[in-house]
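If you want the building blocks of each chain, they are given just below.
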Amino acid sequence: MKSKAKKDKFFRRFTRVAESNLIIIMVALIFSLWVLNDKFLSFNNITNLLRQTAIIGVLAVGMTFVILSGGIDLSVGSVLAFSSILASKLMVAGLPVWASITLALIAGAIIGAFMGIIIHKGKVPAFIATLGGMTIVRGLVMLMCGAQKIMGLPEAIGDFAVNRYLGIPAMVYVWFLTIFIGWFISKYTVFGRNMYAIGSNTEAARLSGVKIGINICGIYGFSALMSSVAGILMTARLGNGVPTAGQGYELDAIAAVVVGGGSLNGAVGSIPGTVLGTVIIASIRNGGTLLGINPFILDISVGSLIVIAVLFDQLRKNKTT
């Protein structure tokens, strides 16, 4: 127990140091991009960057919970599309916008909780369970809409994507809200403490009285709920329900968590770190576009950043063993 407490203390200290380093990296990156192109810090570019980042940012909040628990969720992009198509079909059928969105969010969370059951009760590795879930849900999406866009949505849903409050897009406020909710749950609730405990040592957590099954279902349910929120934002942004939406987004969400200091081994990471990771990746892509850098070179840069982040995590892990 003493060694576990010592390890947990190290994890907390490592997370704080990682967040401080990320802030320094982000400030240096932003300053460099501003020096190279003064339009980078213009109000219009910053608001566009935030709007472009909002959807991945919401996904990354949910992915943080999964990775902190020592798991992985490859189904988030498919759940995003599922919620988008379900809400769109309900709205086109005449159901009020608020009711359509609510049902889509609930359905998405149920899918996530079900995958949690498969992982815990079925003892299926999270990678395999969510990989299968990704394929199944994407196939379900195509069946639901016949692989066609769902058009003719109410104007209110499209207006939300272009509305601004204090000059900031409405979608960004939704991202900020999910950040606060994720941060509060992970830092100040029993569920959040259980999540870290499961990621640190599942068996030790079970012996300490943590109900592993309920918490695993809750973690994957929350991740799917965030994916569903992202799906609604995507619907608003595109103005249609698009069945191919969210393809590849699971990799971007994982990248944001890893670059933000999260460990794929579990128990290391935080919501603030994920936000910083999301902004750093988005800034590289946005700044690179402003500078006219080849997008393939930007992909190489982001991929290298992910590898370096994982390498540092492995070095950190080796020091604790």
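In this report, we go over the structure that sits alongside the text. (Residues numbered from 1 in each chain as written. Predicted model: local features only at pLDDT ≥ 70, side-chain atom pairs only at ≥ 80, totals over all residues. Heavy atoms only, no water.)

### Brief notes about the environment of Val92
Then, in step 1: If you trace the backbone, Val92 turns up in helix 3 (residues 76–92).
Then, in step 2: For Val92, a relative accessible area of 42% puts it in the partly exposed group.
Then, in step 3: Taking the C-alpha atoms as reference points, Val92 and Ala161, separated by 69 residues in sequence, lie 18 Å from one another.
Then, in step 4: Those residues in contact with Val92, other than ones at most four positions away along the chain, are Ile150, Met151, Gly152 and Leu153. (Helix = DSSP H or I, 4+ residues; strand = E, 2+ residues; numbered from the N terminus. Buried < 20%, exposed > 50% of the residue type's maximum accessible area, 1.4 Å probe, protein only. Contact = heavy atoms within 4.5 Å.)

### Concerning the side chain of Asn240
Then, in step 1: The topology assignment puts Asn240 in the loop between helix 10 (212–238) and helix 11 (249–259).
Then, in step 2: Contacts of Asn240, omitting those with residues within four sequence positions, involve Ser84, Ser88, Ile150, Met151, Leu153 and Thr235.

### Observations regarding the environment of Lys39
Then, in step 1: As for its position among the elements, Lys39 is in the loop between helix 1 (2–36) and helix 2 (43–68).
Then, in step 2: Between the C-alpha atoms of Lys39 and Gly287, which are 248 residues apart in sequence, the distance is 9.3 Å.
Then, in step 3: Sequence-distant contacts of Lys39, that is, excluding residues within four places in its chain, are made with Asn45 and Leu290.

### Some details on helix 4 (residues 97–121)
Then, in step 1: Under the 1.5 Å per step criterion, the end-to-end length of helix 4 is 36 Å for 25 residues, consistent within 8% with the ideal 36 Å.
Then, in step 2: The complete set of buried residues in helix 4 reads Ala99, Ser100, Ala104, Ala107, Gly108, Ile111, Gly112, Met115, Gly116 and Ile119.
Then, in step 3: Turning to helix 4, the residues buried within the fold contact helix 3, helix 5 (126–145) and helix 10.
Then, in step 4: With its phi angle positive at about 60 degrees, Lys123 sits one or two positions after the end of helix 4. (Expected span 1.5 Å × (residues − 1).)

### Considerations on the nonpolar core
Then, in step 1: Ranked by size, the top nonpolar core spans 85 residues in total, and within it Phe82 and Trp175 carry the most contacts.
Then, in step 2: Ignoring any residue separated from it by four or fewer positions in sequence, one finds Phe82 in contact with Ala107, Gly108, Ile111, Val137, Leu140, Val141 and Met144. (Core = buried A, V, L, I, M, F, W, Y, C linked by side-chain atoms within 4.5 Å.)

### Re a nonpolar patch on the surface
Then, in step 1: Nonpolar side chains collect at one region of the surface, where Leu36, Leu290, Leu291, Ile293 and Ile297 lie side by side and expose about 410 Å² of accessible area between them.
Then, in step 2: Inspection of the secondary structure puts Leu291 in the loop between helix 12 (271–290) and helix 13 (295–320).
Then, in step 3: Take Leu291: its relative accessible area is 32%, and that puts it in the partly exposed class. (Patch = residues over 30% accessible without salt bridge, like charges linked within 9 Å, V, L, I, M, F, W, Y side chains within 5 Å. Areas by Shrake-Rupley, 256 points an atom, 1.4 Å probe, with all protein chains shown as cover. Salt bridge = Lys/Arg side-chain N within 4 Å of Asp/Glu carboxyl O.)

### Brief notes about unusual backbone geometry
Then, in step 1: Even without a glycine there, the phi angle at Lys123 is positive, about 60 degrees.
Then, in step 2: With respect to the element layout, Lys123 can be found in the loop between helix 4 and helix 5.
Then, in step 3: By relative accessible area, which is 65% here, Lys123 ends up exposed.
Then, in step 4: Despite not being glycine, Ala147 shows a phi value in the positive range, around 60 degrees.
Then, in step 5: Here Ala147 lies in the loop between helix 5 and helix 6 (155–162).
Then, in step 6: Ala147 gets classed as partly exposed once you look at its relative accessible area, which sits at 44%.

### What about the packing of aromatic side chains?
Then, in step 1: Enumeration over the complete set of coordinates arrives at nine aromatic pairs.
Then, in step 2: Put simply, the rings of Phe180, Trp183, Phe184 and Tyr188 pair up and form one aromatic cluster.
Then, in step 3: Between the NZ or CZ atom of Lys187 and the centre of the ring of Tyr188, over which it lies, the distance is 6.0 Å. (Phe/Tyr/Trp six-rings, centres within 6.5 Å; stacked < 30°, edge-to-face > 60°. Lys NZ or Arg CZ within 6 Å of the ring centre and 35° of its normal.)

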